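# Residue-level structure breakdown
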Amino acid sequence: MHQCINRVDLHVHSTASDGVFTPSEVVLLALERGLDVIALTDHDTLGGVAEAQQAAFGTGLVVIAGVEVNSEGEWGDLHFLGYYVDPESSPLRERLRALQDVRVERAREMVQRLGEMGMALEWETVRALAGGRSVGRPHVAQALCNHGYVETLQEAFDRFIGRDGPAYVPRLRLTPSEAIQMIAAAGGVPVMAHPAHSGPAAVARIPEFTGYGLRGVEVYYPHHSSEEIEMLLELCREYALLVTGGSDFHGSGVEGGTLLGEVYVPLECAEQLQEAAGQEGDERRRA
Ligand code: AMP
Ligand code: FE
Ligand code: FE
Ligand code: ZN
């Protein structure tokens, strides 16, 4: 059943946050891999969307404006995807800017803690690795790697900046309902990212989240087993939630190194998402 040629990837990162490829490179890669629809879902930023849409213009590839926001707290680390958000929405832009500012403060604090642990890093180096965009732990990991304090990015997470690591600093604490409502208020469709990957507690809260306006679940995901996929499909049927999916592509060497379009996502997932967002048939597809 999963032998079909995949045409859809609704979870993709670029250099606008912690991906390796620029938004234009991501588009080229998507075309090479024969994809019809991708969603650019960078962490806490819409900064890559315009470039990606421009690069895709006239190619037939649809690029959905997306964002991934995290809700972190005693409930764990839950991720929400926002699809078809309005990039011009000022409340959203302000919110994302605040999240960016906190990311900078937080990364500086991690650098300081690592320094106290004997791993001196220059803040400017980390900032440069982020390229002035959404700075995150992968950039800190890269700096640790470049300085030879660790051999791989994974080692940096496992030993120092993973959730239970000694140099880990949490992000701004958005509650799940704040994350969902922030997306909805910007005209977007809120979808829970990789719930089974986030853990059983995350899955258990999906019914509650529908009450805050959650409209879909990322069912197809590299780290979801076929049993988990079945279980999530059933949950989506029960609560009338949209089914989405994507690779969480970051580029090589990051987050297990999944490939763009690696996970099979039925085309109807993209169609139903578009319908739910109330988008007209997209002219770019026919261009
Ligand atoms: P941040 O948003 O700054 O907290 O960084 C989160 C990002 O770090 C994720 O989106 C992944 O790209 C990466 N990441 C998180 N945990 C791990 C891990 N254990 N191993 C490798 N990469 C990770
Ligand atoms: Fe990431
Ligand atoms: Fe995520
Ligand atoms: Zn992601």
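Here's what I pulled together on the structure shown here. (Residues numbered from 1 in each chain as written. Chains lettered and ligands numbered in written order. Predicted model: local features only at pLDDT ≥ 70, side-chain atom pairs only at ≥ 80, totals over all residues. Heavy atoms only, no water.)

## Brief notes about the pattern of salt bridges
Any two side chains of opposite charge can pair, on the condition that their charged atoms come close. Summed over all chains, the structure comprises ten salt bridges. For R159, the salt bridge identified is with E155, shortest N-O distance 2.6 Å. Placement of both R159 and E155 in helix α6 (residues 153-161) is noted, with a separation of four residues, approximately one turn of the helix. For E155, a relative accessible area of 22% gives the class partly exposed. Across the pair E234 and R237 runs a salt bridge whose closest N-O atoms are separated by 3.0 Å. Placement of the pair is E234 and R237 together in helix α11 (residues 226-238), with a separation of three residues, close to one helical turn. (Salt bridge = Lys/Arg side-chain N within 4 Å of Asp/Glu carboxyl O. Helix = DSSP H or I, 4+ residues; strand = E, 2+ residues; numbered from the N terminus. Buried < 20%, exposed > 50% of the residue type's maximum accessible area, 1.4 Å probe, protein only.)

## A closer look at the site of ligand 1
Taken together, twelve residues are adjacent to ligand 1, and H43, R103, R106, R137 and R171 come closest. D18 is positioned such that a nitrogen or oxygen atom in its side chain is 3.1 Å from an oxygen atom of ligand 1. Contact between ligand 1 and R106: an oxygen atom at 2.8 Å from a side-chain N or O atom of the residue. Of all the secondary structure elements, the ones that give two or more residues to the shell around ligand 1 are α3 (90-116), α5 (137-146) and α6. (Near = heavy atom within 4 Å. Polar contact = N/O pair within 3.5 Å; in protein donor to acceptor, adjacent residues only side chain to side chain.)

## A look at the coordination of the iron ion (ligand 2)
Bound to the iron ion (ligand 2) are the protein donor atoms D18 (OD), H43 (NE2) and H250 (NE2), situated 2.1 to 2.2 Å from the metal. Read from N- to C-terminus, the donor residues coordinating the iron ion (ligand 2) fall into the pattern D-x24-H-x206-H. Separating the iron ion (ligand 2) from the zinc ion (ligand 4) is a gap of 4.8 Å. Taken together, the residues D18 in the loop between β1 (8-12) and α1 (23-32) and H43 in strand β2 (residues 37-43) connect sequence positions 25 residues apart. With relative accessibility at 10%, the residue H43 sits in the buried group. (Donors = N, O, S within 2.8 Å, 3.2 Å for Na, K, Ca; no water.)

## Points about the coordination of the iron ion (ligand 3)
Taken together, the protein donors to the iron ion (ligand 3) comprise E68 (OE), H79 (ND1) and H194 (NE2), at separations of 2.0 to 2.3 Å. Of note, the iron ion (ligand 3) draws all its donor residues from one chain, in the sequence arrangement E-x10-H-x114-H. Between the two metal centres, the iron ion (ligand 3) and the zinc ion (ligand 4), the spacing is 3.5 Å, with E68 acting as a shared donor. Here H194 lies in the loop between β5 (189-192) and α8 (195-198) and H79 lies in strand β4 (residues 76-83), a separation of 115 residues in the sequence. By the burial criterion, H79 is buried, and H194 matches it.

## Remarks on the pairing of β1
Among the five residues that make up β1, five are buried, leaving the element largely enclosed by the rest of the structure. Pairing between β1 and β2: three bridges, direction parallel. By the bridge assignment, D9 is partnered in β2 with I38. Crossover connection from β1 via α1 to parallel β2: handedness right-handed. (Pairing = 2+ DSSP bridges. Right-handed = clockwise from strand over helix to strand, strands pointing away.)

## Things to note about the sheet that holds β5
With mixed pairing, seven strands are arranged side by side in an open sheet as β1-β2-β3-β4-β5-β6-β7. Every interior strand has two partners, whereas the edge strands, β1 and β7 (242-245), have only one. Shown here is a sheet whose adjacent strand axes are inclined to one another by a mean of 30°, direction ignored. Strand direction decides the pairing type here: strand β6 (residues 216-220) and β7, joined by four bridges, are parallel. Following the sheet pairing, Y220 is matched in β7 by G245. Where α1 meets the sheet, it contacts β1, β2 and β3 (62-73), and its direction lies at approximately 150° from that of β2. Packed onto the sheet, helix α7 (residues 176-185) meets β3, β4 and β5 and runs at close to 10° relative to β4. (Axes fitted to C-alpha atoms, helices over the stretch in contact; angles between N-to-C directions. Contact = heavy atoms within 4.5 Å.)

## Topic: the packing of aromatic side chains
Counted by the stated rule, this structure contains three aromatic pairs. Judged by centre distance (5.9 Å) and plane angle (5°), the rings of F21 and F249 are stacked. Taken together, the residues span a long stretch of sequence, with F21 in the loop between β1 and α1 and F249 in the loop between β7 and α12 (267-276) at a distance of 228 residues. On the basis of relative accessibility, which here comes to 5%, the residue F249 falls in the buried class. Seen in terms of ring centroids, F209 and Y212 are 6.0 Å apart; in terms of plane orientation they differ by 35°. Their pairing is tilted. Given the relative accessible area of 28%, Y212 is considered partly exposed. An aromatic cluster is defined as three or more aromatic residues linked by ring pairs; in this entry it consists of F80, F209 and Y212. (Phe/Tyr/Trp six-rings, centres within 6.5 Å; stacked < 30°, edge-to-face > 60°.)

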